[in-house]
Amino acid sequence: MLVRGKKPKKEPLISVGLILPMDKQNSITIYNDLDQKKYFIESENDHLLVNGKKTENINLIGSSKDQIFTLDRVPAGRGFHWEKNISIQVAGSLDISNKNGYLFVINQINLESYLMCVATSEMSGNCPPALLEAQTIAARSWLVAAVEQKHLDLGLDACNDDCCQRYQGIGNLSEQARSAANNTRGKFLIFDNMICDTRYSKSCGGVSENNENVWDMEPKPYLRGVFDGCQKELPDLSNTTKFAEWLKNSHGCYCSNNYVNEEELKQYLGSVDEKGNYFRWEFTYSQNQILKMINEKIGQPFDHVLSIDPIERGFSGRIIKLKISGEANNKPQEIFLESEYEIRRVFHPEFLYSSAFIINANSSINSPLDKITLKGAGWGHGVGLCQIGSLGMALSGKSSKDILTHYFLSTTIKKLYD
Ligand SMILES: [Zn+2]
Ligand SMILES: [Zn+2]
């Protein structure tokens, strides 16, 4: 496993979880493309059955550089609105074991081979080189900085999904992604002599967010909110009235349709992302739908909801604290949602694009809401690099360095190994 704060002197080998115990998956078919062998693997009690034969675990070793394994069913988009099972092909080797009665599949792979796949899993391989290179340096830095280490308990450097970084094997690998990895091999984003914790999300919606407003962590000088365009002056978007006014326009942001139109965007997004307008979006819910979501997601049985009010917004207008007021058992009831993640989790049957939204409710004071409309901006937490904005920058001729230093302030790019 990678060690936090340690700069690599040579290309590291990393462990990526493809199927986790939490997926509760009991079977998978794996093909070895080189010798055409097929393994049907099942988890049963505390052991595995491989083609019907009982064993503790199985290690499929990638014997050559071109060795490829095909896995027929791997989760993508765990817990998000785009969740599905996909078939993937991976290089490297595979460790398969039974953990708590379920399959646990780890892919051991060289960092650079992994990164080629991340670039085209996060965005399509047809993207311009500057975007793929910026994305690859960000993905490399984030992983090796190892600040989050979300799966330390499982001994993993990352999982294969949006929770860490989207890794869908070599299936979508393009010549462009290969060159993006080769051209940036060993290059990291550095601040204060440390590898940067380079967070990124799909679309900031026009302004990126300060890291401490999204995660419980110290403010980082290079993870400040920035306007995603050329203009320098910005209204105070933590003020709801100003944010509502600002939301009506696109302001020439790199992630707006001015730089990347919707039709073009479809060909640049990775294969898992469905079409959608992420820069500006809208959802309308009835009182019953709101009650159902609140009840199911936070287990608070309201009789009815009277109002939903943003209490605190971050730099980008993302709501970081929100109040729901109503009645339960004929008594006044109030609850607070205290993070952008929780707000996004509650205000969509699956998961809301972002917490940068305004609430339009059509009701009079002290009567139940008839329906509410959420009008919002962006997709994701909005901290660090904006992927669609980076695409807009790359399409308008900016370099990978321009992109990285636009989103990550005061940083430099440094090569740490050949
Ligand atoms: Zn993860
Ligand atoms: Zn953006």
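Residues numbered from 1 in each chain as written. Chains lettered and ligands numbered in written order. Predicted model: local features only at pLDDT ≥ 70, side-chain atom pairs only at ≥ 80, totals over all residues. Heavy atoms only, no water.

**Examining the side chain of E209**
Residue position: E209 is located in the loop between β14 (200–201) and α4 (240–247). Although buried, E209 forms no salt bridge, and the nearest oppositely charged side chain, R318, lies 5.1 Å from it. Only 2.6 Å separates the side chain of E209 from the side chain of S316, close enough to count as a polar contact. Aside from chain neighbours lying at most four places away, what touches E209 is V214, L223, R224, G225, G314, F315, S316, G317, R318, H381, G382 and V383. (Helix = DSSP H or I, 4+ residues; strand = E, 2+ residues; numbered from the N terminus. Buried < 20%, exposed > 50% of the residue type's maximum accessible area, 1.4 Å probe, protein only. Lys, Arg positive; Asp, Glu negative; His and termini not counted. Salt bridge = Lys/Arg side-chain N within 4 Å of Asp/Glu carboxyl O. Polar contact = N/O pair within 3.5 Å; in protein donor to acceptor, adjacent residues only side chain to side chain. Contact = heavy atoms within 4.5 Å.)

**As for the sheet that holds strand β10 (residues 102–110)**
Across the sheet, 5 strands lie side by side as β6-β9-β10-β1-β11; this open sheet has mixed pairing. The open sheet terminates on both sides in strands that have one partner only, identified here as β6 (57–60) and β11 (158–159). Bridging between strand β9 (residues 93–99) and β10 involves 7 bridges; their strand directions are antiparallel. Bridging across to β10, S97 finds its partner in F104. Here helix α1 (residues 111–122) sits on the sheet and contacts β1 (13–19), β10 and β11; the angle it forms with β10, its principal contact strand, is near 110°. (Pairing = 2+ DSSP bridges. Axes fitted to C-alpha atoms, helices over the stretch in contact; angles between N-to-C directions.)

**Description of the pattern of salt bridges**
Any two side chains of opposite charge can pair, on the condition that their charged atoms come close. Taken as a whole and judged by the stated rule, the model has 16 salt bridges. Its salt-bridge partner being R78, residue D161 comes within 3.5 Å of it at the nearest N-O pair. Residue D161 is found in the loop between β11 and α3 (175–183), and its partner R78 is found in the loop between β7 (69–76) and β8 (84–90); the two are separated by 83 residues along the sequence. Like D161, the residue R78 is buried in the burial classification. A salt bridge links R178 to E175; the shortest N-O distance between them is 3.8 Å. With R178 and E175 both in helix α3 and 3 residues apart, the pair spans about one turn of that helix. The exposure class of E175 is exposed, given its relative accessible area of 55%.

**Points about the coordination of the zinc ion (ligand 2)**
In this structure, C204 (SG), D228 (OD), C255 (SG) and C386 (SG) serve as the protein donors to the zinc ion (ligand 2), at separations of 2.0 to 2.4 Å. In this structure, the zinc ion (ligand 2) is coordinated by 4 donor atoms arranged in tetrahedral fashion, with angles at the metal of 102 to 117°. Binding-site remark: the zinc ion (ligand 2) is held by donors from one chain whose sequence spacing is C-x23-D-x26-C-x130-C. Of this pair, D228 sits in the loop between β14 and α4 while C386 sits in strand β21 (residues 385–386), and the two are 158 residues apart along the sequence. (Donors = N, O, S within 2.8 Å, 3.2 Å for Na, K, Ca; no water. Tetrahedral: all angles 85-135°; square planar, octahedral: opposite > 155°, others 65-115°.)

**Regarding the nonpolar core**
Residues Y114 and F347 are the most contacted members of the largest nonpolar core, which totals 122 residues. Among the elements that make up this core, the one with the highest residue count is helix α2 (residues 129–145) (11 residues). Both domain 1 (13–127 + 148–174) and domain 2 (207–252 + 280–377) contribute no fewer than three residues apiece to this core. Not counting residues up to four positions away in its chain, the partners in contact with F347 are Y285, M293, I308, L322, I324, L337, L352, I372 and L374. (Core = buried A, V, L, I, M, F, W, Y, C linked by side-chain atoms within 4.5 Å. Domains from an automatic or database assignment.)

**Some details on the environment of R345**
Inspection of the secondary structure assignment puts R345 in helix α7 (residues 340–346). Linking R345 and M293, residues 52 residues apart in sequence, is a C-alpha distance of 9.3 Å. Ignoring anything within four residues of it in the chain, the contact list for R345 reads K297, I298, E350 and F351.

**Remarks on the environment of F336**
The residue F336 is located in strand β18 (residues 331–337) in this model. For F336 and S325, which are 11 residues apart along the polypeptide, the C-alpha to C-alpha distance reads 8.9 Å. In this view, F336 contacts I311, K321, L322 and K323; residues no more than four positions away in its chain are not counted.

**Quick notes on the domain arrangement of the protein chain**
Taken domain by domain, the protein chain comprises domain 1 (13–127 + 148–174) and domain 2 (207–252 + 280–377). When each unit is reduced to the centre of its C-alpha atoms, the spacing between domain 1 and domain 2 is 36 Å.

**As for empty space enclosed by the protein**
Tallied over the entire structure, the rule returns 2 cavities of 30 Å³ or more. Of the pockets and cavities examined, the largest cavity occupies roughly 60 Å³. Surrounding the largest cavity, 12 residues form its lining, C255, N257, L265, N277 and F279 being those nearest its centre. In terms of residue class, the lining of the largest cavity is built from 6 nonpolar, 5 polar and 1 charged. (1 Å grid on protein atoms, 1.4 Å probe; cavity = no way out; pocket = protein on both sides within 12 Å on 5 of 7 lines; lining within 4 Å. Points joined across faces, edges and corners; volume = space filled by probe spheres on them. Nonpolar A, V, L, I, M, F, W, Y, C, P; charged D, E, K, R; others polar.)

**A word on the coordination of the zinc ion (ligand 1)**
Those donors, H151 (NE2), C159 (SG), C163 (SG) and C164 (SG), are the protein atoms that reach the zinc ion (ligand 1), and they lie 2.0 to 2.4 Å from it. In the primary sequence, the donor residues of the zinc ion (ligand 1) line up as H-x7-C-x3-C-C. Take H151: its relative accessible area is 9%, and that puts it in the buried class.

**Some words on the packing of aromatic side chains**
A complete count under the given rule lists 14 aromatic pairs for this structure. Ring plane angle 65° and centroid distance 6.0 Å describe the contact between W281 and Y353, whose orientation is recorded as edge-to-face. Remark: Y353 occurs in the loop between α7 and β19 (357–361) and W281 occurs in strand β15 (residues 280–286); sequence separation between them is 72 residues. Comparing W281 with Y353, the two get one shared label, buried. Summarising the aromatic geometry, the rings of W281 and F357 are spaced 6.5 Å apart at their centres and angled 55° between planes, so their arrangement reads as tilted. (Phe/Tyr/Trp six-rings, centres within 6.5 Å; stacked < 30°, edge-to-face > 60°.)

**A word on the sheet that holds strand β17 (residues 319–328)**
As summarised here, the arrangement of the 3 strands in space is β16-β17-β18, forming an open sheet in which the pairing is antiparallel. Edge strands, defined here as strands with exactly one partner in the open sheet, are β16 (304–313) and β18. Between one strand and the next, the sheet's axes are offset by a mean angle of 20°, whatever the strand orientation. Here β16 runs beside β17; their pairing, made up of 8 bridges, is antiparallel. Its bridge partner being in β17, E312 is matched across the sheet by K321. The strands touched by helix α6 (residues 287–298) within the sheet are β16, β17 and β18, with β16 carrying the most contacts at an inclination of about 65°.

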